[in-house]
Amino acid sequence: MNEQPKQFKWVGTRAIRPDGVDKVTGRAMYGADLSLPGMVEGKVVRSPHAHARIISIDTSKAEALNGVTAVITAADMPVADSKPVASGEAMINFKDLANNVLAREKALYEGQAVAAVAAKTADIAEQAAALIVVNYEVLPHVIDVMEAIKEDAPVLHDDMFTGGVKPKPEKASNVANRVEFALGDADAGFAAADLVIERQFTTEPVHQGYIEPHAVVADMNPDGKVDVFCSSQGHFMVRAFCSQLLHIEMSKIKVTAAEIGGGFGGKTTVYLEPLAIMLSRKSGRPVRMTMSREEVFRGSGATSGAAMTIKMGATKDGKITGAYAELYLQAGAFPGSPVGPAAMTAFAPYDLANVKVVGFDVVSNRQKVVAYRAPGAPISEYGVESVVDELASELGIDPIEIRSMNGAKEGTQAAYGVKFGTIGFQETLDAAKATEHFKTPLGPNQGRGVASGFWFNIGGESCAGIRINEDGSISLTEGSPDIGGSRASMALMAAETLGVDYNKIKPSVVDTDATGYHFVTGGSRVTFATGMAVVEASKAAIDELRARAAQIWDVDVEGVVWEDGHAKPASTNVGDFEPMSLAELAKVANKTGGPISGHADINAKGAGPAFGTHICDVEVDPDTGHVTVLRYTAVQDAGRAIHPGYVEGQIQGGAVQGIGWALNEEYIYDENGCLENAGFLDYRVPVASDLPMIDAIIVEVPNPTHPFGVRGVGEVPIIPPLAAVSNAVAAATGVRFNRLPLSPPTILAGIAAKK
Amino acid sequence: MAKHHITTTINGEEAEYLCEPQETLLDVLRDQVGLTGTKEGCSSGDCGACSVMLDGRLVCSCLVLGVEAGGKSVETIEGMADGEDLHPLQQKFLEEAALQCGFCTPGVLIAAKALLDTNNNPTETEVRYWLAGNLCRCTGYDKIIRAVMDTAADMRGA
Ligand code: FES
Ligand code: FES
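Okay, so let's go over this structure. (Residues numbered from 1 in each chain as written. Chains lettered and ligands numbered in written order. Predicted model: local features only at pLDDT ≥ 70, side-chain atom pairs only at ≥ 80, totals over all residues. Heavy atoms only, no water.)

A separate point is the pairing of strand β18 (residues 446-455) of chain A. Residues and elements named next belong to chain A. By the criterion of burial, β18 is predominantly enclosed, with nine of the 10 residues buried. In this structure, β18 lies alongside strand β26 (residues 610-620), joined through 10 bridges in antiparallel fashion. Bridging from a neighbouring strand, Gly453 pairs with Gly612 of β26. (Buried < 20%, exposed > 50% of the residue type's maximum accessible area, 1.4 Å probe, protein only. Helix = DSSP H or I, 4+ residues; strand = E, 2+ residues; numbered from the N terminus. Pairing = 2+ DSSP bridges.)

Below, the structure written as structure tokens:
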């Protein structure tokens, strides 16, 4: 790890997180941990078919069962308008969301909710669910993205016509949308190349795999007020979505953020929450709902499977002259795959004059995809980084060198529109090249792969409040669910700004009644945007503290400065006053105007793009096809690591999710379009014994728009592993597989075909 | 169905509960006894979030019936610290940022303690295989493995 010169007292330290003791002692309350008096348990009835018309639903037997307090179907839910609203990193159409939450006319995937029940015990709810008779007309289905775009494919939505093409098509299809980004002339670029490589790639759908299943407790009062306690990446998102779906005013819904047991983008939408509210309204009691692991796999989250063509050309000396990508991403049952960001990020690490990217958003009969860490980018950048690797090896150029030669830098115009400001891609390449890892020789059947990744990072709405208590301790409030140590980062930034001890600050993630709107915890935005709000709130509190000191000293506020947690006279001209500490000013606040606080409600702009470069060593067993990851190094530009421990943790965790995506993870469907591996036994996420240590190297090229230089770190690390692993496997086996996952049967077949 | 009246010891204290014959120890702990520190991630023995000690043996409480705990001794995450004093593993996990969301943490800590109670000098490979049944999706395991090894080193040094 490269430690930076110390310029801060708190920022950059490995402080103990304020919520830590709760989390190591079992006290922390996650989504399923709340019980309320009189609470009943809810259960969802899900479609067993991948595509079916719902002819009728008979709930009478379930309603008659002793202990059942409510049964709901889509008939109990308001009909939503078809209206796209920005949410997460995608646009949400509330008609689609309503259908996803509770199917109305058709079930579009196996596992889609069609009804729900509440009963005194989970057992009774389960029995009642089994008594609900849904009469289906089974329809032909389609899962695979390239099958779904065929002329004769079963069409999911007969009112869906491909957007983004002119003229508007006359025939409904599964292609929801076409996007295009271009710069210069890609064909001219290929004409100028000495070597052009064009490859087709596929990736399989994967799940975020958070260990905590979705869970909620909802309690609706007879006067229409609703309390919701749930695990999500944004309790304001939950409030907004439930308000829209159920036509309840936002001020009547209070959502409290439970501790969240992982999300990775998968908890940026609602599934159970609106159902629990509806069941509570009908039951007149609090309702708890939790998903089983199987329901999580079938009915929530997951990202796209994809097919793509990547074409790149370069001169003999390695200068990339042209690049083209055509991307097809599964959206699941409703439009909204991450094909937009996939297309935008595809070539973003490179300074290219001639680029064209075309992307297609394709619906098929699987669950609606939802964000998964850097949505779309791991897919497109996997293809691109594989071709860059092949160019390098064909041309006999070092894989880091070819990236350095062509890498984006300050002033590079990206094909998706922006001109980069200060960025640290080159620095990650230099740091990777300097590692001992990169120079270590390999043995037989071993290979080394390198790949880089880019993610935008985002800002968005956040609020923060700093309240200086009478004893000089500080209560910090904000509303970004803490998914991996962000309370610590917030308190560190507040301590640094205020000049007080970190341990004097207690940060809380407060409910939707207690702070203003926050965009979700996602897009690598919390340390950047909520951090910016915390710094601004701290500065507002400092201004107030200075004003109080000015009042006590009877001088102008301009005559008071804030240094090291003390108000001091700005110069000897102001007068000879003893500095007053924050605690001293707090003590006499009642005599100087009352409680002291600072607030900031912002929409943070200027998020800093981030890059990473990974090095992976593998060994491939030629007899079994098993790939062992021997060594892994992940370098990333964090801008500024507020808490290096949790930054490394993000890098390591993201890298391992990427390794899982590359090697093991995939959704497997049977001929009826039903998921065959809806459990951790058959959907194999990496376990401790699969892995080596993950060496995380933080590079700091500060983001000039953030007070401490933060860029955001959560998403970049999942991008490079897909290609880093497969480039390593290619080096070890001499075979370019161009498909993921690289499971043993795939490897064996590839080795056999080569022989 | 008649409920069973079970008497057992939980975290060193005598406890009793009524449970259905099919109810798991995990459900009993969480819903009857009110100890929600033990987590449910899968209910099928695949994630380890529900790890507890049963008569000194590491088990997935989702695979044990509540009635089976009768007359035995159960240890959960709530019993790991000694009052205000954290167990060295708990302390090390905090110092080394070995948890992110913290959902796997109770199960990981219980499992890691079970390892260190019998072997205070495990190799990295031993720790990795011992914890292979405890899924963590956030950390990539690196800091978890290091924290367990570092705790073991401290315990040997002490
Ligand atoms: S809940 Fe018991 S192993 Fe997952
Ligand atoms: S810390 Fe989140 S699952 Fe392990």
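Next comes the rest of the account.
This brings us to unusual backbone geometry. Residue and element names in this part refer to chain A. Across the junction of Lys166 and Pro167, the peptide omega takes the value -5°, indicating a cis bond. Look at the link from Leu740 to Pro741: it is a cis peptide, with omega at 0°. In this structure, Pro741 sits in the loop between α20 (720-733) and α21 (744-754). Phi at Ala302 is positive, roughly 75°, even though this residue is not glycine. Counting through the fold element by element, Ala302 comes out in the loop between α9 (293-299) and β15 (306-314). The phi dihedral of Arg373 falls on the positive side, at around 25°, and the residue is not glycine.

Looking now at the environment of A:Asp227. Residues and elements named next belong to chain A. Its place among the elements puts Asp227 in strand β12 (residues 226-230). Sequence separation of Asp227 and Pro622 is 395 residues, and the distance between their C-alpha atoms is 57 Å. Ignoring anything within four residues of it in the chain, the contact list for Asp227 reads Val217, Ala218, Asp219 and Lys254. (Contact = heavy atoms within 4.5 Å.)

Spacing of three or four residues puts side chains on the same side of an α-helix, whose turn is 3.6 residues. All names here are of chain A. The set of residues buried in helix α12 (residues 399-406) consists of Ile400, Ile402, Arg403, Ser404 and Asn406. Looking at the buried residues of α12, the elements they touch are β16 (320-332), α11 (377-395), α13 (425-434), α14 (436-439), β18 and α20. The N-capping residue of α12, defined by a side-chain oxygen 2.8 Å from the backbone nitrogen of Ile400, is Asp398. (Polar contact = N/O pair within 3.5 Å; in protein donor to acceptor, adjacent residues only side chain to side chain.)

In this section: the interface of chain B and chain A. Much of the literature gives interface size as the accessible area that the parts lose upon coming together. Contacts between the two partners involve 45 residues from chain B, matched on the other side by 54 residues from chain A. Summing both partners gives a buried area of about 3900 Å² for chain B against chain A, and 58% of it is carried by carbon and sulfur. Of all residues in chain B, B:Leu94, B:Gln100 and B:Arg137 give up the largest surface area on contact with chain A, accounting jointly for 22% of the area buried on that side. Put simply, B:Arg30 and A:Asp33 hold a salt bridge, and the shortest N to O gap is 2.7 Å. Connecting chain B to chain A are 24 residue pairs in polar contact (both at pLDDT 80 or more). For the side of chain B that touches chain A, the element with the most residues is helix α2 (residues 88-95) of chain B, which contributes five residues. (Buried area = accessible area lost by both parts, 1.4 Å probe. Salt bridge = Lys/Arg side-chain N within 4 Å of Asp/Glu carboxyl O.)

The next thing to look at is the pattern of salt bridges. All chains considered together, the criterion is met by 44 salt bridges over all chains. A salt bridge links A:Glu648 to A:Arg14, with the nearest nitrogen and oxygen atoms 2.8 Å apart. Highlighted residues: A:Glu648 in helix α19 (residues 644-663) and A:Arg14 in the segment before α1 (20-24), separated in sequence by 634 residues. Its salt-bridge partner being A:Glu665, residue B:Arg137 comes within 2.8 Å of it at the nearest N-O pair. Placement of B:Arg137 in the loop between α4 (124-130) and α5 (142-157) and of A:Glu665 in the loop between α19 and β28 (694-699) is noted, with the two residues assigned to different chains. The two residues B:Arg137 and A:Glu665 agree in class, both being buried.

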